[in-house]
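Residues per chain, in single letters:
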Amino acid sequence: QVQLVESGGGLVQTGGSLRLSCTASGRTFSSDVVGWFRQAPGKERAFVAAISWSGNAFYADSVKGRFTISRDNAKDTVYLQMNSVKPEDPAVYYCGATHITRSTNPPIAEEYSDWGQGTQVTVSS
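Residues numbered from 1 in each chain as written. Predicted model: local features only at pLDDT ≥ 70, side-chain atom pairs only at ≥ 80, totals over all residues. Heavy atoms only, no water.

Caption draft 1: Inspection of the nonpolar core at higher detail. Ranked by internal contacts, the top residues of the largest apolar core, which has 28 residues, are Trp36, Leu80, Met82 and Tyr93. For this core, the secondary structure elements donating two or more residues are strand E3 (18-25), strand E4 (33-39), strand E5 (46-51), strand E7 (67-72), strand E8 (77-82), strand E9 (91-98) and strand E11 (119-124). In terms of nonpolar packing, the next biggest core, distinct from the first, is built from five residues, Val33, Phe37, Ala50 and Phe58 among them. (Core = buried A, V, L, I, M, F, W, Y, C linked by side-chain atoms within 4.5 Å. Buried < 20%, exposed > 50% of the residue type's maximum accessible area, 1.4 Å probe, protein only. Helix = DSSP H or I, 4+ residues; strand = E, 2+ residues; numbered from the N terminus.)

Caption draft 2: Highlighting the state of the cysteines. For the structure on display, the rule yields one disulfide. Disulfide pairing places Cys22 opposite Cys95 at an S-S distance of 2.1 Å. Between Cys22 and Cys95, the S-S torsion sits near 70°, and that sign places the bridge as right-handed. Here Cys22, found in strand E3, pairs with Cys95, found in strand E9; they are 73 residues apart in sequence, far enough to count as distant. (Disulfide = S-S within 2.5 Å.)

Caption draft 3: Focus on the sheet that holds E8. Strand order in the open sheet formed by four strands is E1-E3-E8-E7, and the pairing between neighbours is antiparallel. Of all strands in the sheet, those with a lone pairing partner are strand E1 (3-7) and E7, marking the two edges. Each strand axis lies, on average, 15° off the axis of its neighbour in the sheet, ignoring direction. Here five bridges tie E1 to E3, and the two strands are oriented antiparallel to one another. Within E3, the residue paired with Glu6 across the bridge is Cys22. (Pairing = 2+ DSSP bridges. Axes fitted to C-alpha atoms, helices over the stretch in contact; angles between N-to-C directions.)

Caption draft 4: Highlighting the pattern of salt bridges. Overall, the coordinates contain five salt bridges when judged by the stated rule. Among the ionic pairs, Arg27 bridges to Asp32, the shortest N-O distance being 3.0 Å. Residue Arg27 is classed as partly exposed on the basis of its relative accessible area of 25%. Where Asp89 meets Arg38, a salt bridge forms, and the shortest distance between an N and an O atom there is 2.8 Å. Remark: Arg38 occurs in strand E4 and Asp89 occurs in the loop between E8 and E9; sequence separation between them is 51 residues. Residues Asp89 and Arg38 agree in their burial class; the two are buried. Overlapping salt bridges, with partners in common, bring together Arg27, Asp32 and Asp114 in one network. (Salt bridge = Lys/Arg side-chain N within 4 Å of Asp/Glu carboxyl O.)

Caption draft 5: The arrangement of the pairing of E5 in detail. In terms of strand pairing, E4 meets E5 through five bridges, oriented antiparallel. When the sheet's bridge partners are listed, Phe37 is paired in E5 with Phe47. Here E4 folds back onto E5 in antiparallel fashion, the turn holding six residues, of which Gly42 has a positive phi close to 80°. Judged from the three bridges that link them, E5 and strand E6 (residues 57-59) form a sheet pairing that is antiparallel. Of the residues in E6, the one forming a bridge with Ala50 is Phe58. Here E5 folds back onto E6, and the loop between the two strands holds five residues, one of which, Gly55, carries a positive phi near 100°.

What is shown is where atoms sit, not what they do.
What follows is the structure, given as structure tokens:
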């Protein structure tokens, strides 16, 4: 089992940028798909982005062109660069890891075996 720790959340202005990090410990997750999901109050956990071990990235339509997911396997860390933040982006952001990989679609939330505790992103106007 891998332990995941998210960091980098906080308060950001509309239109601003923030970078989230997800760091693994316990074992390497360099061969896993790592995904970012977010959950706003009263809403379901929603897919944001995912990246395969080889760097193949997937994005939700709502963040495509604004967010970038990347990974540094040497550091066992996956990043989510959030640019042009919008009022609809605030949520608790979670990262997850899974061995399940597909070439055309990212794993769904139920397929992730390990999750972090989440990091809060708040957006001010």
